Amino acid sequence: MDNILSLLIGLIFLAGLATPLLYRIWQKNTGIYLAVIPLIIFVVLISELFQLAPRESSVLETTMGFLPGMEFAFRIDGLSLIFGLLISGIGVLILLHASYYMAKYERQANFYTYLMFFMGAMIGMVFSDNLLVLFVFWEITSVASFFLIGFDHHAEKSRQAALQALLITGFGGLCLFFAVILTGNITGTYVISELLEQSIHLGNHPYYYLILTLTILAAVTKSAQFPFHFWLPGAMQAPTPVSAYLHSATMVNAGIFLLMRIYPIMGGTMMWKYSLMLTGVITMFLGAFFAMGQRDFKRILAFTTISALGTMTLLVGIDTPDSLKAALIFFIVHGLYKGGLFMIAGIIDKSTGTRDIYDLHGLFKKMPVTAIVTLLALISMAGLPPMLGFIGKELIYEAKMQLPDVSWLLLPLGVGANMLMVAISITVFYELFIPDKKRKPIELKYRERDLPLRFILGPILLAVVGLFLGLSPKILEIPVDNGLYFMGNQMAHISLSLWHGFNDVLILSIFTVLSGIFIFYIRRPVTRMIGRIITWLDHLHLPTLFSQLINKYLKTAAKNTNLLQHGYHRFYLLTFFLAVIALMGIQIFRITDIQLPELTPSPIKIHVALLLLVTAISVIFAVFAKSRLSAILAMGVVGYGIAMLYLYYGAIDLAITQFLAETVLMVLFVMVIYYLPEFAILSNKKSRLRDGIISVAVGVFVTLVVLKAKFLNLETPISEFFAANSYTEAHGRNIVNVILVDFRALDTLGELTVLTLAAAGVYSLFRFQIKTLKKKKSGQQKPRENVDNKMHG
Amino acid sequence: MEYVIAVFIGLLYACGVYLILRRSIVKVILGVFVLSNATNLIIFLSGGIQRGGAPFIPEGAETVDPATISDPLPQALILTAIVISLGISAYILALKYRYFDVTGTHDLDQLKNTDQR
């Protein structure tokens, strides 16, 4: 029973992989059957919830994992339970909803694969007890959301939106990875439970600011906080069920989850507070502000999500037990109403064919159930009783009022955002459901009673749960309490109720609602003004700016590549030689501490010196020779000269080989020389001078290296072994040969392979020649390709 | 003697580098050839050139005193190197031959593009 959670998470991924097959069997009902898995998880988590003691967490160990040290251990505490319940519960509803919504889409099997992976990764992430595993799941959500957002990949818009989301969240992922590695290095463990138990806080570590910056970057990119918020409205290109899931319980909430998870290890410092509060409050206000100016129902919801995420970030930043409590409650509130509203947007889109709220009116009579459910969700969004949203908003106000030194900033922006939320809620309901006598009634494509239950079950259930939790919030106390305990608030004991008594928070709420209603009355000028501001802001349209940035980056990269990869073979070599001389030159004179045995050089033999002189003259002659044949012959002299040198110093095998190789090469040269062009001077004087200087430098440098090495390794322990064992072990008297064919036989095998390949290459190159000649005769120009292929192969 | 050989190696390197910096492919091939010979010599020199006998175990004996023979290990290495450089040189030569045959040029600067022109 203990490991059932890990089995279930594995099952989600397996089901995701198997969907293409399952889809053949179940066809359009695939979503319904797949929903069983998250449903089981939901039930298991509910049972865990009832077993949860206020001050305990449990860790489910497994021996499986990505790598040693990255085992799939799953940690169950209040925080992960709250997130897990929402992810799995809403996941069930989304799958049911999608099974009808997506019925006419192509590639449904792929859709379910991505969705299951996404769901599995989210659940894995919130429960994982290892920072590295958490990171891996985090990245899987980014990749899965890329495919989901870009699901309609025929449209350029959705491809762009998907890419943007991937780039931004991918950047965040890299930051997270860096932060996780640093944390692991500093603390010596990646296991979250250990970190929490040892109550390690990184606040005093010199790298703290770096780690915190990276973590916050990861969280704010994932959670679409200002100034990274722009990918989220773009993600509206995804099919509506995906948006519903992305916004309510998954993806964007992962950043908030990360902040809460990491809070006991890094939270509570000045930097934490101020950076999160500032980002949060700006995002909160901007989201609500922009939402007011939209016409598309989905876009309105997207911007309210941004605002809600800002609220959560702000609350985590305020950093008091009350604010953390408010953040957790608000996450539940938001998940419940936002999931419902998005699915309603899908229902309305399906029934009427449009999502523009100003094009619609008077739907109440035709869609009474939807209308009532929408009303409940919007009441929660506006933060009115008796929904859970009311409790959430009260807690938020309470938390904001606790900080006298910053409440002058938080309260106006926060209350402003909430007034706008109230106004948006009323506007949406009014425009959608209240009839307008002057306009024609809306014709529905599908009547509400013709829609299958599973399509509207989601919003209904979520609204009912929201209402139920609003009326009896005590149920939430246990997990929230437990979650808070493990966020380091040992003392916190919370109690939740709908009625808080008559206090300043309530007065503020009443003020908010009244102002919201007032804004609703003057909504036309307000929307127009916001619309104008948005048009004006389009100059700084962030998605466009972002894609421009990416384009610039690519262009610069191409430019740099062209600069470095210029295609001139000799300049590559030039760069290489200069770099080697410079780097090794510095190094060679810095090495002083190596003790080499003092060696006396062997005496100079006149005849050997003469041999070298002749060889030297021929090599110089080869360089400056005007004719091909004389250059090649001079080269032959060089080869034979070196062979003689080998012979003189007792390397008989070497000498024989060198003689043979040299002869073969000479023959080859002479064979093809007829086809080779005349030597031509292709370079000008200046470049010859430059090359000359560089070559002399290389030569001097090599001489210095050789001298510096002091003819090292005269003591030859390895060779002693060969001398001793060559005959006794390998039964050969020629030691060099024994080394080649016995001691180092595998090397020789490799050498033979090279030689065989070269021979095959030479053979085929010459063979193609014959074909070319034949084809040339028949006047075709094809053979060029053959050669090119050969050269690349 | 080592000093003389060291200078000789330096000279070979200078000539080899100059040759492979040319634009004409034939010269580049010659340069590769010179460079590989020079490198072999460095390895040879590193084994010591105190003149000794050939690394053979005499008839009747089971082992040989390493001090009396030249070091067999660098020789084995160089032997491999010579054979491989023969293979490579032959291959480049054939390639060059084909290249000239197809394109009609031996200027390396014309070999910039991987695509056909």
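The residue numbering used here restarts from 1 in each chain and proceeds along that chain's sequence as written. Written order determines the labels here, with chains lettered from A and ligands numbered from 1. The predicted nature of this model means local features are confined to residues of pLDDT at least 70 and side-chain atom pairs, given and counted, to a pLDDT of 80 or more, with totals for whole chains, interfaces and linings taken over all residues.

If you check an unreviewed UniProt entry, chain B appears there as Na(+) H(+) antiporter subunit C from Geofilum rubicundum JCM 15548. UniProt positions are given in the numbering used here, feature names are shortened, and annotations may be inferred rather than shown by experiment. Annotation of chain B in UniProt includes, under Subcellular location (unreviewed entry), the sentence "Cell membrane". If you open the UniProt record of chain B and go to Sequence similarities (unreviewed entry), you find "Belongs to the CPA3 antiporters (TC 2.A.63) subunit C family."

Naming follows an unreviewed UniProt entry, where chain A appears as Na(+) H(+) antiporter subunit A of Geofilum rubicundum JCM 15548.

Honestly, the overall build of chain A in this entry has me stumped. Any pointers?
Tallying secondary structure elements over chain A gives 32 helices and 2 strands in all. In terms of overall dimensions, chain A is more spread out than a globule: its C-alpha atoms have a radius of gyration of 37 Å, far above the 28 Å expected for 793 residues. Exposure classes come from backbone-placed C-beta atoms, where a residue is buried if 20 or more other C-beta atoms lie within 10 Å of its own, exposed if 12 or fewer do, and partly exposed in between. Buried residues in chain A amount to 45% of all 793 residues. Contacts are defined on C-beta atoms placed from the backbone: any two residues whose C-beta positions lie within 7 Å are in contact. When contacts within chain A are restricted to residue pairs at least 6 apart in sequence, long-range pairs at least 24 apart make up 78% of them. Every helix listed is a DSSP run of H or I at least four residues long, and every strand listed is a run of E at least two residues long, numbered separately from the N terminus. The size measure is the radius of gyration over C-alpha atoms, and the globule rule it meets is 2.2 Å times the number of residues to the 0.38 power.

Which parts of the structure should I look at to understand the overall build of chain B?
Each helix and strand in chain B was counted, giving 3 helices and 0 strands. Counted from the first residue to the last, chain B has its helices and strands arranged as α-α-α. By the burial criterion, 56% of the 117 residues in chain B qualify as buried. In chain B, 55% of the contacts between residues at least 6 apart in sequence involve partners at least 24 apart.

Would you mind going over the packing of helix 15 (residues 321-352) of chain A against helix 17 (residues 388-401) of chain A with me for this structure?
A packed helix pair is summarised by two numbers, namely the angle formed by the two axes and the spacing between the axes. Residue and element names in this part refer to chain A. Axis definition: a line fitted to C-alpha atoms, over the contacting stretch in the case of helices. Angles run 0 to 180 degrees between N-to-C directions. For the pair helix 15 and helix 17, the least separation of the axes is 8 Å and the interaxial angle reads 150°. One element, helix 15, and the other, helix 17, form an angle in the roughly antiparallel class. Judged by the twist between their axes, the crossing of helix 15 over helix 17 is left-handed. In this structure, helix 15 contributes Asp 322, Ser 323, Lys 325, Ala 326, Ile 329, Phe 330, Ile 332, Val 333, Leu 336 and Tyr 337 to the contact, and helix 17 contributes Leu 388, Gly 389, Ile 391, Gly 392, Leu 395, Ile 396, Glu 398 and Ala 399. Angle categories: roughly parallel below 35 degrees, roughly antiparallel above 145, roughly perpendicular from 65 to 115, and oblique for all the rest. Put simply, a crossing is left-handed when the front helix is turned counterclockwise from the back one by less than a right angle, and right-handed when it is turned clockwise.

For this particular structure, what's the right way to read the interface of chain A and chain B?
Quite often, the size of an interface is put as the accessible area lost when its parts meet. The interface of chain A with chain B comprises 98 residues on the first partner and 82 residues on the second. Taken together, the residues of the side of chain A that touches chain B break down into 65 nonpolar, 21 polar and 12 charged. Residues were grouped as follows: Ala, Val, Leu, Ile, Met, Phe, Trp, Tyr, Cys and Pro as nonpolar; Asp, Glu, Lys and Arg as charged; and all remaining residues, including Gly, as polar.

Looking at this structure, how should I read the nonpolar core?
Inside soluble globular proteins, nonpolar side chains tend to come together where they are buried. Any nonpolar core is a set of buried residues, restricted to Ala, Val, Leu, Ile, Met, Phe, Trp, Tyr and Cys, that join up through C-beta atoms within 7 Å. Counting 194 residues, the largest nonpolar core has Leu 148, Leu 315, Val 316 and Ile 329 of chain A as the members making the most contacts within it. Here this core takes 18 residues from helix 15 of chain A, the largest share from any one element. Residue ranges for the domains trace back to a domain assignment, done automatically or taken from a database. Of the residues that make up this core, three or more belong to each of domain 1 (1-265) and domain 2 (267-532) of chain A. If near-sequence neighbours (up to four positions away) are discounted, Leu 148 of chain A is found in contact with Tyr 114, Leu 115, Phe 118, Ala 238 and Val 242 of chain A. Grouped together as the second largest cluster of nonpolar side chains are 80 residues, Ala 661, Tyr 727 and Val 762 of chain A together with Ala 76 of chain B included.

Help me understand unusual backbone geometry in this model?
Where the residue is not glycine, phi is negative for most of them; where a peptide bond is considered, it is trans in most cases. Residues and elements named next belong to chain A. The omega torsion of the bond from Phe 226 to Pro 227 falls at 0°, within 30 degrees of zero and hence cis. The backbone phi angle of Met 251 is positive, close to 45°, even though this residue is not glycine. Turning to its location among the elements, Met 251 is positioned in the loop between helix 11 (240-248) and helix 12 (252-266). Classification of Met 251 by C-beta neighbours within 10 Å gives buried; the count is 28. Here the phi dihedral of Asp 319 falls at roughly 60°; this positive angle occurs in a residue that is not glycine. Mapped onto the secondary structure, Asp 319 falls in the loop between helix 14 (297-318) and helix 15.

It is not clear to me how the domain arrangement of chain A should be interpreted in this structure. Could you clarify?
When the domains of chain A are assigned, the result is domain 1 (1-265), domain 2 (267-532), domain 3 (541-594), domain 4 (610-675) and domain 5 (719-775). For domain 2 of chain A versus domain 3 of chain A, the separation of C-alpha centres amounts to 52 Å.

For this particular structure, what's the right way to read the UniProt feature "transmembrane region" (unreviewed entry) in chain B?
Residue and element names in this part refer to chain B. Per the UniProt annotation, the sites labelled "transmembrane region" (unreviewed entry) are residues 6-21, 28-49 and 76-95. The span residues 6-21 is 94% helix and 0% strand, and its two end C-alpha atoms sit 23 Å from each other. In residues 76-95, the share of helix is 100% and the share of strand is 0%. The end C-alpha atoms are 29 Å apart.

Help me out: how do you make sense of the environment of Ile 693 of chain A in this one?
Residue and element names in this part refer to chain A. Positionally, Ile 693 belongs in helix 28 (residues 685-708). Overall, Ile 693 belongs to the exposed group, with 11 C-beta atoms counted inside 10 Å. On a C-alpha basis, the gap between Ile 693 and Leu 613 in space is 22 Å, while along the polypeptide they are 80 residues apart.

Would you mind going over the confidence of the model for chain B with me for this structure?
Segments scoring low in pLDDT should not have their predicted coordinates read at a detailed level. Residues and elements named next belong to chain B. The predictor's confidence in any single residue is recorded as pLDDT, a number from 0 to 100. For chain B, per-residue confidence averages 80 on the pLDDT scale, and 87% of positions sit at 70 or higher. For chain B, helix 3 (residues 72-103) is the element with the lowest average pLDDT, namely 84, and helix 1 (residues 2-20) is the one with the highest, namely 89. With a pTM of 0.70, the predicted complex shows an ipTM of 0.90.

Please clarify how the environment of Ala 399 of chain A should be interpreted in this entry.
Residue and element names in this part refer to chain A. Summarising the element assignment, Ala 399 is placed in helix 17. Residue classification places Ala 399 among the buried residues on the basis of 26 C-beta atoms within 10 Å. Once the C-alpha coordinates of Ala 399 and Leu 167 are considered, the two residues, 232 residues apart in sequence, prove to be 34 Å apart. Residue contacts for Ala 399: discarding those within four places in its chain leaves Leu 315, Ile 318, Thr 320, Asp 322, Ser 323 and Ala 326.

Which parts of the structure should I look at to understand the confidence of the model for chain A?
With 91% of its residues at a pLDDT of 70 or more, chain A has an overall mean of 83. The low-confidence segment residues 777-793 of chain A (pLDDT under 50) makes 16 contacts with residues lying over four places distant or belonging to another chain.

Whenever I open this one, the environment of Ile 396 of chain A confuses me. Can you help?
Residues and elements named next belong to chain A. With respect to the helices and strands, the residue Ile 396 is situated in helix 17. Residue Ile 396 is classed as buried on the basis of its C-beta count, with 28 C-beta atoms lying within 10 Å. For Ile 396, the contacting residues outside a window of four places in its chain are Thr 311, Leu 315, Ala 326 and Phe 330.

Help me out: how do you make sense of the packing of helix 17 of chain A against helix 18 (residues 407-433) of chain A in this one?
Residues and elements named next belong to chain A. The contact between helix 17 and helix 18 brings their axes to 9 Å, and the two run at 160°. One finds that helix 17 runs roughly antiparallel with respect to helix 18. The element helix 17 and its partner helix 18 pack so that their crossing is left-handed. For the pair helix 17 and helix 18, contact is made by Lys 393, Lys 400 and Met 401 and by Ser 407, Leu 410, Leu 411, Gly 414 and Asn 418, respectively. Residues belonging to the contact of helix 17 with helix 18 are distributed by class as follows: 3 nonpolar, 3 polar and 2 charged.

Which parts of the structure should I look at to understand helix 1 of chain B?
For an α-helix the count is 3.6 residues per turn, leaving residues at separations of three or four pointing the same way. Expected span, for any helix, means 1.5 Å times one less than how many residues it has. The end-to-end C-alpha separation of helix 1 of chain B is 27 Å, in line with the 27 Å expected for 19 residues at 1.5 Å each. For helix 1 of chain B, the tally of buried residues reaches 15 of 19 residues, placing the bulk of the element in the interior.

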